[in-house]
Every structure is written in structure tokens, then in C-alpha cells.
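# Geometric and topological summary
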Amino acid sequence: MTDIQSLFFYLSVYGISIVEFSMYKQKDRVTAGFGVLISMLILAIVAGIRYNVGTDYGAYYYTFDHLKDYSYRWIITDNRHFNQERGFLLISKFFAGIVGAKGTFGVFALFIVGVFLLTLFKQYKNMELTLIYALFLFEQFTGSFNILRQAVASVIVFWGLKYVFEGKFLKYIVVLIVASSIHMTAFLAVPIYFMWNHKRKDDMRIAWKVGIYSIAILVVISWRTLLQILNESLGGFFINKYSVYLIGNETQNRSFYLKLLLGVLFLCLEKFYRSYDKRYSLFINMYLLGVILEFTGFYSTYIKRIGEYYGGYTGIVLLGSLPLVLTRNMNKTIVRILIYLYEIALFVVVSFIMKQGGYFPYQIR
């Protein structure tokens, strides 16, 4: 496909998926379930049949294609050939042996979408689900074409937020252990648990909030020194597995400014968000912490990605919920249309025009 054809393809596929998903509102459960299932399968197929789409495609394809030649025991004990987490490798080995390397992309896509939708329906069913789903497609799903492991780990952490709200620390830690078996950075989501007042089931107190933000800023300022200390304490394990996190690379990091503006908007509207659901306070705090971590993108895109655990899914939930909190002064439909146009414009500018992510052209082979 040409770039223009690819753009039309993405917009058409995502549009169809959104329409099918919106059928969840149907009273007939069979019709509703069928629509949601079709929306998921469409995305799994798009992720599975692609060829060389996404800057990390080649590395993942190589892993999936070669894992079938090795035993499970060898994968567990080997420390040299595959520089990836054991959980991810074992799951990849299993599915690559059944559906092949390309099919494994589709399986992971189906998992990401499935866990995300399960989380929405079980935990946030009173929110603007169709709009949030659309934002998910353009941001999180498309992003999974590159940072696949972290995309899987991030959606697991997002699902695990239920234990943060319920005050079940051990269960939340188990969730992070599972997520860390896919991408080790998931353990850095531990602080999220302490960003919610479990006694009052409400936002954390101001003093606690100042402390957490101060620590986050300190980490951003001295991230390289902290990683070197961590590496030394682990006997060089970190540098062997995640050396790119220590090296760093300078980038323009334009996304920081956009996310900063959104963070200010969400903070200004916090009163309205809270009037609808107090859990939005945690989402706003997580998003702002993600913005702080996003600043490291000027020095290291790898450290910047850690902010996905904080601001990735909470960002789309907050943005997608704007029609709920602005209805006193604006029509819901107008707000929804503006958000759809914003998201499509952002996708066109960043992915299509600026060529970030390597999503264009979409190819099949």
C-alpha cells in the first residue's frame, strides 16, 4: 500500500471496529457480544497479517520465528540468546508453535484488547466506553506495534488497578509480578498503590502527594545515577539486560508539551471529575506523574516509556471522559466530535506526516 492508502486503511479499520464495539449498548446480549467480538477479531487480524509495520517488528518476528527451534527448558535457563523476560518468551514459544510467528502478533493483540475491554466493562462501565475505546485504538493499540512487551505489561497493570482501589496490596503485587514476567519495568508501578487513600477511599492527602511528586522529580533529575546504583546493587545484572536505559539518547520529545497541556487541563477540571467518580483523582495523579516521567524523553526514550504505566491508560480514560464532566456547559455530542477530530488529527500528524513509529506504509506479505 502507499502511505495514503495505508491512512485510509487505518481509519477504515478503526472506524469499523469502533462501530462494532458500540453495539455493546444493545439490549440483546447476543448482538452486543457479537459486535464486541468482531471488533476484537478485526484488530487481531490487522496486527497479525502486517509485515514490517512498526520499528520493532523485525526484532519481535525474529524472536517468534526462532523460539520454535528451542526447548522450554533451554529458554528458561539461557541468558544470552534472547534478551527478554522468561514469561514473554515462554508464552511466545507456545503460541509460535501453534499459529506461527505472524499469528503470535495477533494473539498478543487479542490479549491486549481483551484485557482492556474486560477492565472497562467490569470496572468502568459507567464511563464513555465507545470514545475511550476509540482513543485506545489510535494510541495504545497502534503503539503496541512497537513496544509489544510493555504494551502487554501496561494493560495488565491497568487491570490490576482494581486492587489499588480495593486496598489489596498482596494481590496488586501478584499482578505486578505477572506483568514483570512480560516486561521487567512493570515493577516500577508499585508506587501507584500508595497514591490512593485506602482508609477514606479517596485521593491521597496533600502532604503525601507533595512527597510523591518530589520523589518523581528527583528521579527525573538523577535517573542515570539511580540506575547505576541499581545496576551495582544487582551485580551488573541490569546493565547486561537493559543497558539502553543507562546510555540515553537525546530526542525532541514533542509529546511532553502536549501531555503537559492535557495534564493542566485535567488538573483544572479535577473538581468536575471527582463529582462524577472519586477514582478520577487517582487517574489525574497518575497522569501527572507520567508527565513528569515523560520529561526524561529529552534524554532517554527508554526511561520515558516507564511513564506509560502511569499516564498511558489513565490519559485515554480522562480524555474520553470529558463529555461526562463538561455537560453542564457544553453538548456531549459536540465534545465527543471534537475529541474524535483531535485524536485523528494527532494520528495523522505524528504517525502519517512525521512518520513516527514506522506504521506507514501498512504492508502485508
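Scroll up to find the structure this text is about.
Heads up: these notes are all about the structure in this document.

Basis of the calculations
Residues numbered from 1 in each chain as written. Predicted model: local features only at pLDDT ≥ 70, side-chain atom pairs only at ≥ 80, totals over all residues. Heavy atoms only, no water. Helix = DSSP H or I, 4+ residues; strand = E, 2+ residues; numbered from the N terminus. Rg over C-alpha atoms; globule rule 2.2 N^0.38 Å. Buried < 20%, exposed > 50% of the residue type's maximum accessible area, 1.4 Å probe, protein only. Salt bridge = Lys/Arg side-chain N within 4 Å of Asp/Glu carboxyl O. Patch = residues over 30% accessible without salt bridge, like charges linked within 9 Å, V, L, I, M, F, W, Y side chains within 5 Å. Areas by Shrake-Rupley, 256 points an atom, 1.4 Å probe, with all protein chains shown as cover. Phe/Tyr/Trp six-rings, centres within 6.5 Å; stacked < 30°, edge-to-face > 60°. Lys NZ or Arg CZ within 6 Å of the ring centre and 35° of its normal. Core = buried A, V, L, I, M, F, W, Y, C linked by side-chain atoms within 4.5 Å. Contact = heavy atoms within 4.5 Å. Expected span 1.5 Å × (residues − 1). Bend = angle between axes of the 7 residues up to and from the residue.

## Some points on the overall build of the protein chain
- Within the protein chain, the secondary structure is distributed over 18 helices and two strands.
- At 20 Å, the protein chain has a C-alpha radius of gyration in line with the 21 Å of a compact globule built from 365 residues.
- Each of the three principal axes of the protein chain carries a C-alpha extent, and together these read 60 × 50 × 40 Å.
- Counting only residues that meet the buried cut, the protein chain has 50% of its 365 residues in that class.

## Some words on the pattern of salt bridges
- Counting across every chain of the model gives 13 salt bridges.
- Here lysine 68 ties to aspartate 65 by a salt bridge, and the two come within 2.8 Å at their closest N and O atoms.
- Of the residues examined, lysine 68 reaches a relative accessible area of 45% and is grouped as partly exposed.
- In this structure, arginine 279 and aspartate 277 form a salt bridge, with 2.9 Å as the shortest nitrogen-oxygen distance.
- Under the relative-accessibility criterion, aspartate 277 is labelled buried at 18%.
- Taken together, the shared-partner salt bridges in this structure form one network comprising Arg200, Asp202, Arg274 and Lys278.

## Some points on a nonpolar patch on the surface
- The grouping of Met1, Ile45, Ile49 and Ile364 at the surface amounts to a nonpolar patch, some 360 Å² of accessible area in total.
- Looking at the element boundaries, isoleucine 49 is found in helix α2 (residues 29–49).
- Among the residues examined, isoleucine 49 registers a relative accessible area of 33% and is labelled partly exposed.

## What to know about the packing of aromatic side chains
- Under the counting rule described, the total for this entry stands at 53 aromatic pairs.
- Consider the rings of phenylalanine 295 and phenylalanine 298, whose centres lie 5.2 Å apart with planes at 65°: the pair is edge-to-face.
- Against the face of phenylalanine 165 rests arginine 279, its NZ or CZ located 5.7 Å from the ring centre.

## Some thoughts on the nonpolar core
- One finds Phe116, Phe136 and Phe141 to be the most contacted residues of the largest nonpolar core, which totals 108 residues.
- Once you skip the residues sitting within four places of it in the chain, phenylalanine 141 turns out to touch Tyr14, Leu43, Ala47, Ala109, Val113 and Phe136.

## Let's talk about helix α16 (residues 308–320)
- Relative to the 18 Å expected for 13 residues at 1.5 Å per residue, α16 spans 17 Å between its end C-alpha atoms, a close match to the ideal helical length.
- Along its length, α16 reaches its greatest deviation from straightness, about 30°, at threonine 314.

Purely geometric stuff here, so don't read any function into it on its own.
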